[in-house]
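Remarks on the overall topology
This is what each chain is made of:
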Amino acid sequence: MKPFLHTGPAGGSADRVGARRYRRLQVALVGVLALSACNGSTSAIDPHSSPSRQAVPSPTLSTSPSGPVLITGDPSALPGTLLITDEGNSRLIEVDGRGNIVWQFPPPGYTAPIPFDRPDDAFYSQDGRQISTNQEFEQTVQVIDRSSEQVIASYGKPYRPGSSPGLLHGPDDAYLLPDGRLLTADIDNCRIMIFSQGSQAQIGHTGVCRHDPAHGYLASPNGDLPDRSYRHLVVTEISGSWVDVFSLPDLTYQYSIKSPAHYPSDATLQADGTILLSDYVTAGAVYRISRDGQVLWSYKGNLDHPSIAIRLPNGYIAIADDYGARVIIVDPATNQVRWQYGVKNQPGRSANQLGVPDGIDFRPSTAAG
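A brief structural summary. Residue numbers restart at each chain and count upward from 1, following the sequence in its written direction. In view of the model being predicted, local features appear only for residues whose pLDDT reaches at least 70, and side-chain atom pairs are presented and counted only at 80 or more, with totals across whole chains, interfaces and linings using the full set of residues. Only heavy atoms go into the side-chain values, all of them from the structure, while hydrogens and water stay out.

Here the focus is the sheet that holds strand E22 (residues 295-303). At least two bridges found by DSSP between two strands is the condition for calling them paired. Each helix is a run of DSSP H or I of at least 4 residues and each strand a run of E of at least 2, with the numbering of both proceeding from the N terminus. The four strands lie next to each other as E19-E20-E21-E22, forming an open sheet whose pairing is antiparallel. Across the chains shown, the open sheet's two edge strands, defined by having one partner strand only, are strand E19 (264-269) and E22. Put simply, the sheet's adjacent strands are angled 15° from each other on average, direction ignored. Relative to strand E20 (residues 275-279), E19 runs antiparallel, the two being bridged by four bridges. The partner of Leu269 across the bridge, within E20, is Ile275. Axes, fitted as lines to C-alpha atoms, cover a helix only where it is in contact. Angles between the N-to-C directions of the axes lie from 0 to 180 degrees.

Here the focus is the sheet that holds strand E13 (residues 191-195). Within the open sheet, the four strands sit side by side as E11-E12-E13-E14. Their pairing is antiparallel. Single-partner strands in this sheet number two, and they are strand E11 (171-176) and strand E14 (200-203). This sheet shows a mean twist of 20° between the axes of neighbouring strands, independent of strand direction. In this structure, E11 lies alongside strand E12 (residues 182-186), joined through four bridges in antiparallel fashion. By the bridge assignment, Leu176 is partnered in E12 with Leu182.

A separate point is the packing of aromatic side chains. The criterion for an aromatic pair is that two Phe, Tyr or Trp rings (for Trp, the six-membered ring) have centres within 6.5 Å, with stacked assigned to planes under 30 degrees apart, edge-to-face to planes over 60 apart and tilted to the rest. The full count for this structure, using the stated rule, is eight aromatic pairs. Between Trp103 and Phe105, the aromatic rings sit 6.4 Å apart at their centres with planes inclined by 15°, giving stacked as the arrangement. Remark: exposure states derive from per-residue accessible area (1.4 Å probe, protein chains only) relative to the maximum for the residue type, with buried under 20%, exposed over 50%, and partly exposed in between. Exposure remark for Trp103: the relative accessible area of 7% places this residue in the buried category. Owing to a relative accessible area of 0%, Phe105 belongs among the buried residues under this scheme. Ring centres of Tyr280 and Tyr323 lie 6.4 Å apart, and the angle between their planes is 65°; on these two criteria the pair is classed as edge-to-face. Here the residue Tyr280 occupies a position in the loop between E20 and strand E21 (284-289), and Tyr323 occupies one in the loop between strand E24 (317-321) and strand E25 (326-331), the gap between them amounting to 43 residues. Overall, the relative accessible area of 2% leaves Tyr280 in the buried class. The rings of Trp103, Phe105, Tyr110 and Phe116 are connected pair by pair, giving a single aromatic cluster. Placement of a positive charge over a ring is assigned whenever Lys NZ or Arg CZ falls within 6 Å of the ring centre and within 35 degrees of the normal to the ring plane. Across the ring face of Tyr255, the terminal group of Arg291 is positioned such that the distance to the ring centre comes to 3.6 Å.

So this is what it looks like as structure tokens:
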């Protein structure tokens with residue numbers, strides 16, 4: 001395993017502006033990145049912090065697409081598999097349309113130099129062979145090779161929040177770009193960190209938290225997701241409920257949208273130029289908005305702190321209902337739930353149960369690996 005080691009200038013820390021499960025708070029290019037082997041200091045863990053919880057064999061683990069139907073609804077509503085970040089159970093699981101777990105991380109008996117504790121979000125690389133994930137409480141981001149089930153890169157030191165070299169404070173939405181760069185929203189430091197083999201950069205000024213992306217400032221960014229074409233990067237700012245769009249690969253600022261969400265989370269740019277985002281509050285919602293901020297579609301079906309919504313190839317919308325302990329798929333034409341994994345308000349680890357499903361990503365059935 002290799003850590004991304006920060007060698008750029010240190011900055012001040014930022015105060016949290018709100019809470020996302022008592023966190024999720026919270027154009028300058030700086031620094032140099034060195035990629036080297038893990039050492040003892042990287043794996044050091046505060047003995048007074050919460051311990052890492054290791055995965056145990058799932059009672060529903062199956063490699064057969066014809067396993068039992070464990071979901072509520074229609075298996076055909078999911079034309080592939082969903083990668084679910086089950087934070088409450090410290091695991092990633094990949095679920096097919098029937099609700100069978102066909103892949104999970106960590107595998108049974110997993111050991112590593114750093115823990116894998118309460119992952120927050122996880123996303124596939126473009127080819128589906130790698131998965132990037134952030135552990136916001138643990139203050140790390142990790143890159144997993146899906147085939148070998150091993151962590152192949154990491155950044156941050158477990159349970160040591162900060163802004164000095166090698167540290168993060170509230171990392172969110174780690175994402176791998178096709179050119180090999182790794183992004184993460186460093187919420188409490190009010191910056192988007194950008195790592196590659198030979199360099200390090202950032203959007204935002206460390207510890208300076210305000211909405212002014214045209215001049216390189218961000219206010220508690222908690223999302224940094226590219227569109228499907230990888231031509232745009234969408235940054236979600238908690239403070240002020242802003243959605244900012246940057247161009248890829250050069251990260252030039254383009255425009256901002258004032259969202260209707262009280263607590264915007266993980267906005268994504270759609271092919272038609274609209275924005276899909278979640279409102280991470282108790283009576284939560286999912287919105288599709290126009291470039292001028294008008295609500296074109298919404299779903300408010302008994303959601304409790306939904307954190308991310310993604311559009312599937314069939315036009316349906318998959319939603320992570322975090323505190324509702326479930327993931328649902330909604331038909332936006334009727335706002336009817338077509339598919340559900342997890343039992344509403346009944347967290348657990350047994351078949352068809354989730355802890356806090358904070359992240360989702362889609363993998364088509366024909367994906368490699």
